[in-house]
Protein chains: 2
Amino acid sequence: MSAAIGRVDTGTAVSAVAKRLLDYLTSGTIEPGTRLPAERQLASSLGIGRSAVREALAALEILGIVDVRPGSGTYLRGSASELLPETLNWGLMLGAPRTKELIAVRSQLEIFAARLAAELMTDAQLHQLGNHIDAMRSNLGDRTRFIEADLKFHLLIAQAADNQVLFDLLQSIRSLLRVWVERGLAREEEAQLALDEHSRVYEALLTRDPNAVEAAMSAHMLTAGHRLERTLLQSTVEGVAG
Amino acid sequence: MSAAIGRVDTGTAVSAVAKRLLDYLTSGTIEPGTRLPAERQLASSLGIGRSAVREALAALEILGIVDVRPGSGTYLRGSASELLPETLNWGLMLGAPRTKELIAVRSQLEIFAARLAAELMTDAQLHQLGNHIDAMRSNLGDRTRFIEADLKFHLLIAQAADNQVLFDLLQSIRSLLRVWVERGLAREEEAQLALDEHSRVYEALLTRDPNAVEAAMSAHMLTAGHRLERTLLQSTVEGVAG
DNA sequence: ATAGATATTTTGGTCCACCAATTCTTTGTA
DNA sequence: TACAAAGAATTGGTGGACCAAAATATCTAT
């Protein structure tokens, strides 16, 4: 098998070694569970050092392609990478926050989630959603609990959307926007408005009509987005004055 | 800086070391372009050997998170756009369920980008978009060039949308779906269909009517999504038969 | 002949010395 | 004093020795 991979030039970047190995492992000719040749053998076949082989294999292990077992060998896993979908979320975390842009993207994703949920939500989930509305209503004067119920409301919708990538993305975005959401709901009148909006989304979900749900969530996102941006602007103004 | 990462236990899997570094690098407190501490220093701070650090950093480099320069140091890369470099077929590692989810999320984001672009696109950008359509038309028989023009078409729309978060997200998603896009355009008839769809999006953008643009991009995404899923399914079936 | 214990071999993991590449500091010259 | 060149220090890259873990082979007892 290692003869089939071919040699690479000494000094080749470890990424190129990884690519060579990956191309071979994803060529479809290797069965999951197969044991790869030993590091020393791979190094010899590829014409590079064992360190480079180890580094390439470490990357493939992190990506979930192979399973490295000390004393035993390296095995092809053949299962889906759990790490790769997370790259979308890393991208959100790199560099300076772009809050206004995040707010816009988040709106679209929340609307999409709601639309999917309109068709997929179970009765039990709908019932639970009602509980979150009740919790928000009961805690108009308690910001922490209100926000918690608010968050659970959105979480449940994203869950009901049955799209893990979407769910994870929304989670990451929410964590980035969390501080602004909390600041935007500082007063009880604002909480009341937010409750009204959530109630409308909930009522639309009860109809299970995707268009109605989309309209209600769009309205909520529009208002919530303005609330967030106002909070952001106030903060900027205070920053200038401060 | 390295003191802020904390120590890890000796014998910790290199994947855990990579995760630790990754969490730190995506914490938002590090500026892109920043030089990380030297490998020897990281090893000391983390309480592990330099080999383990090297292996973890090698993985992060392959993922596009860092840039390792011999003799100079290791640098945090600039942006989300640099994640998942083209050298590897990332999409092959994702698995069918996550890939399908990603296709759905991508559709929504592309539609959103197109809608924004309808209002924001400059005349120069519109003209350039027409050039990409021409390039696609001229290269129906040359898959590599066709796909390159296809990609540039979408890139330009995302750019015109003037939302960096959205742009970066779409970039990462494209990296993850690239291999399936390429395989899905294997035949000239498929390229012709794709060209027709892109032309309709372009014509709608010429009107600058967001609703028309949304409708055209939605239609394109629906067809393209089916094409992608069909390609994915064929690959899965072949894998089983192989 | 078979099962269990022990020894040996093979595998991945770690460490260190040394080399290649780059950066920083010092020295020499105009 | 400013600039260029040389030297030293720092950085990542490589290979080999040795250790830890697991697999395989050999030996012994029944």
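Residues numbered from 1 in each chain as written. Chains lettered and ligands numbered in written order. Predicted model: local features only at pLDDT ≥ 70, side-chain atom pairs only at ≥ 80, totals over all residues. Heavy atoms only, no water.

Q: Please set out the interface of chain A and chain B residue by residue, giving values where relevant.
A: If you look at the interface, chain A gives 41 residues, while chain B gives 44 residues. Counting each side, the surface lost to burial between chain A and chain B is near 4000 Å², with a carbon and sulfur contribution of 76%. With its nearest N and O atoms 3.0 Å apart, the salt bridge here joins E55 of chain B to R54 of chain A. Joining chain A to chain B, the criterion identifies nine residue pairs in polar contact (both at pLDDT 80 or more). Listing elements by their share of the side of chain A that touches chain B, those giving two or more residues are α2 (14–25), α4 (50–62), α5 (87–93), α6 (99–120) and α9 (164–184) of chain A. (Contact = heavy atoms within 4.5 Å. Buried area = accessible area lost by both parts, 1.4 Å probe. Salt bridge = Lys/Arg side-chain N within 4 Å of Asp/Glu carboxyl O. Polar contact = N/O pair within 3.5 Å; in protein donor to acceptor, adjacent residues only side chain to side chain. Helix = DSSP H or I, 4+ residues; strand = E, 2+ residues; numbered from the N terminus.)

Q: Describe the protein's contact with DNA strand D, with residues and values.
A: Neighbouring DNA strand D are 21 residues; G49 of chain A together with E39, R50, R54 and G71 of chain B lie closest to it. If you look at DNA strand D and keep only atoms within 4 Å of the protein, 59% of those are sugar or phosphate atoms. In this structure, R40 of chain B approaches DNA strand D through a side-chain N or O atom, which is 3.0 Å from a base nitrogen. Taking G71 of chain B, its main chain carries an N or O atom lying 3.2 Å from a sugar or linking oxygen of DNA strand D. Of all the secondary-structure elements, those providing two or more residues to the surface near DNA strand D are α4 of chain A together with α2 (39–46), α3 (50–62), β1 (66–69) and β2 (73–76) of chain B. Its residues placed into classes, the surface near DNA strand D shows four nonpolar, nine polar and eight charged. (Near = heavy atom within 4 Å. Nonpolar A, V, L, I, M, F, W, Y, C, P; charged D, E, K, R; others polar.)

Q: Residue-level account of α2 of chain B, with values.
A: Because an α-helix completes one turn every 3.6 residues, residues spaced three or four positions apart along the sequence face the same direction. Residues and elements named next belong to chain B. Three or more residues of α2 are buried, namely E39, L42, A43 and L46. An end-on view of α2 places all buried positions within 100° of arc, on one side of the element. Seen from the open side of α2, the exposed residues pointing more than 90 degrees away from its buried face are R40 and S44. Of the surrounding elements, those touching the buried residues of α2 are α1 (14–25) and α3. Downstream of α2 by a residue or two, G47 has a phi angle that is positive, lying close to 75°. (Buried < 20%, exposed > 50% of the residue type's maximum accessible area, 1.4 Å probe, protein only. Arc of directions from axis to C-beta.)

Q: Pulling in residues and values, what's your account of the packing of aromatic side chains?
A: Tallied over the full model, the rule gives zero aromatic pairs over all chains. Over the ring of Y75 of chain A we find R69 of chain A, and its NZ or CZ is 3.9 Å from the ring centre. (Phe/Tyr/Trp six-rings, centres within 6.5 Å; stacked < 30°, edge-to-face > 60°. Lys NZ or Arg CZ within 6 Å of the ring centre and 35° of its normal.)

Q: Can you lay out the side chain of E55 of chain B for me, pointing to particular residues and giving the numbers?
A: Turning to its location among the elements, E55 of chain B is positioned in helix α3. Judged by relative accessible area, which is 8%, E55 of chain B ranks as buried. Apart from residues lying up to four places away in sequence, E55 of chain B is in contact with R54, E55 and A58 of chain A together with V14 of chain B.

Q: Explain the nonpolar core to me, and be specific about the residues and the numbers.
A: Counting 161 residues, the largest nonpolar core has I157 and L205 of chain A together with I65, W90, I157 and L205 of chain B as the members making the most contacts within it. Once you skip the residues sitting within four places of it in the chain, W90 of chain B turns out to touch L63 and L84 of chain A together with I62, L63, L84, P85, S175 and L176 of chain B. (Core = buried A, V, L, I, M, F, W, Y, C linked by side-chain atoms within 4.5 Å.)

Q: Can you explain the protein's contact with DNA strand C? Please cite residues and give values.
A: Around DNA strand C, the surrounding shell holds 20 residues, and the nearest of these are E39, R50, R54 and G71 of chain A together with P70 of chain B. Atoms of DNA strand C within 4 Å of the protein: sugar and phosphate make up 58%, bases the balance. Measuring from a phosphate oxygen of DNA strand C, one finds a side-chain N or O atom of R54 of chain A at 2.7 Å. For DNA strand C, a sugar or linking oxygen lies 3.3 Å from a polar atom in the backbone of G71 of chain A. Taken together, the elements giving at least two residues each to the surface near DNA strand C come down to α3 (39–46), α4, β1 (66–69) and β2 (73–76) of chain A. By residue class, the composition of the surface near DNA strand C is four nonpolar, nine polar and seven charged.

Q: So what's going on with the environment of A216 of chain A? Which residues, and what values?
A: All names here are of chain A. Its location among the elements puts A216 in helix α11 (residues 210–241). When the C-alpha atoms of A216 and D168 are compared, they prove to be 23 Å apart, with 48 residues separating the residues in sequence. Each residue touching A216, except ones within four places of it in the same chain, is listed here: R200, V201 and A204.

Q: Would you mind going over unusual backbone geometry in detail, with residue names and values included?
A: Residues and elements named next belong to chain B. Even without glycine at this site, L84 takes up a positive phi of about 55°. Relative to the helices and strands, L84 resides in the loop between β2 and α4 (96–120). L84 gets classed as buried once you look at its relative accessible area, which sits at 1%.

Q: Quick rundown of the pairing of β1 of chain B? Include the residues and the values.
A: Taken together, the four bridges between β1 of chain B and β2 of chain B define a ladder with antiparallel strand orientation. Each residue of the ladder has a partner; that of D67 of chain B, found in β2 of chain B, is Y75 of chain B. (Pairing = 2+ DSSP bridges.)

Q: Got a sec to walk through the confidence of the model for chain A? Specific residues and values, please.
A: Predicted coordinates in regions of low pLDDT should not be interpreted in detail. On average, residues of chain A carry a pLDDT of 89, and 94% of them reach 70 or more. Put simply, helix α1 (residues 2–5) of chain A is where chain A has its lowest mean pLDDT, 62, and helix α7 (residues 123–138) of chain A is where it has its highest, 96. (pLDDT = per-residue confidence, 0-100.)

Q: I'd like to hear about α3 of chain B, residue by residue, with values.
A: Here α3 of chain B is 13 residues long and its end C-alpha atoms lie 18 Å apart, about the 18 Å a rise of 1.5 Å per residue gives. Taken together, the buried residues of α3 of chain B touch α2 and α4 of chain A together with α1, α2, β1 and β2 of chain B. (Expected span 1.5 Å × (residues − 1).)

Q: Requested: an account of the packing of α2 of chain B against α3 of chain B, with residues and values cited.
A: Residues and elements named next belong to chain B. Direction vectors running N to C along α2 and α3 enclose 110°, while the axes themselves pass 8 Å from each other. Judged on the interaxial angle alone, α3 and α2 are roughly perpendicular. When the axes of α2 and α3 are compared, the crossing they make is right-handed. Where α2 approaches α3, its residues E39, R40, L42, A43 and L46 are matched on the opposing element by R50, V53, R54 and L57. (Axes fitted to C-alpha atoms, helices over the stretch in contact; angles between N-to-C directions. Parallel < 35°, antiparallel > 145°, perpendicular 65-115°, else oblique. Left-handed = near helix turned anticlockwise from the far one by under 90°.)

Q: Provide a residue-level description of the packing of α2 of chain A against α4 of chain A, including the pertinent values.
A: All names here are of chain A. Their axes nearest at 9 Å, the elements α2 and α4 cross at an angle of 60°. Classified by the angle between their axes, α2 and α4 sit oblique to one another. Seen from above, α2 lies across α4 with right-handed handedness. In this structure, α2 contributes V14, V17, A18, L21, L22 and L25 to the contact, and α4 contributes A52, E55, A56, L57 and L60.

Q: Quick one: what's the story with the pattern of salt bridges, residue by residue and with numbers?
A: This model, assessed by the stated rule, comprises 34 salt bridges over all chains. The partner of R50 of chain B in a salt bridge is E39 of chain B, and the shortest N-O contact between them spans 3.0 Å. Of this pair, R50 of chain B sits in helix α3 while E39 of chain B is found in helix α2, placing the two residues 11 residues apart along the sequence. Here R50 of chain B falls in the partly exposed class, since its relative accessible area comes to 35%. For R227 of chain B, the salt bridge identified is with E197 of chain B, shortest N-O distance 3.5 Å. Remark: E197 of chain B occurs in helix α8 (residues 188–207) and R227 of chain B occurs in helix α9 (residues 210–241); sequence separation between them is 30 residues. We note that R227 of chain B, like E197 of chain B, is buried. Each of E39, R50 and R54 of chain A together with E55 of chain B takes part in one network of salt bridges that share partners.

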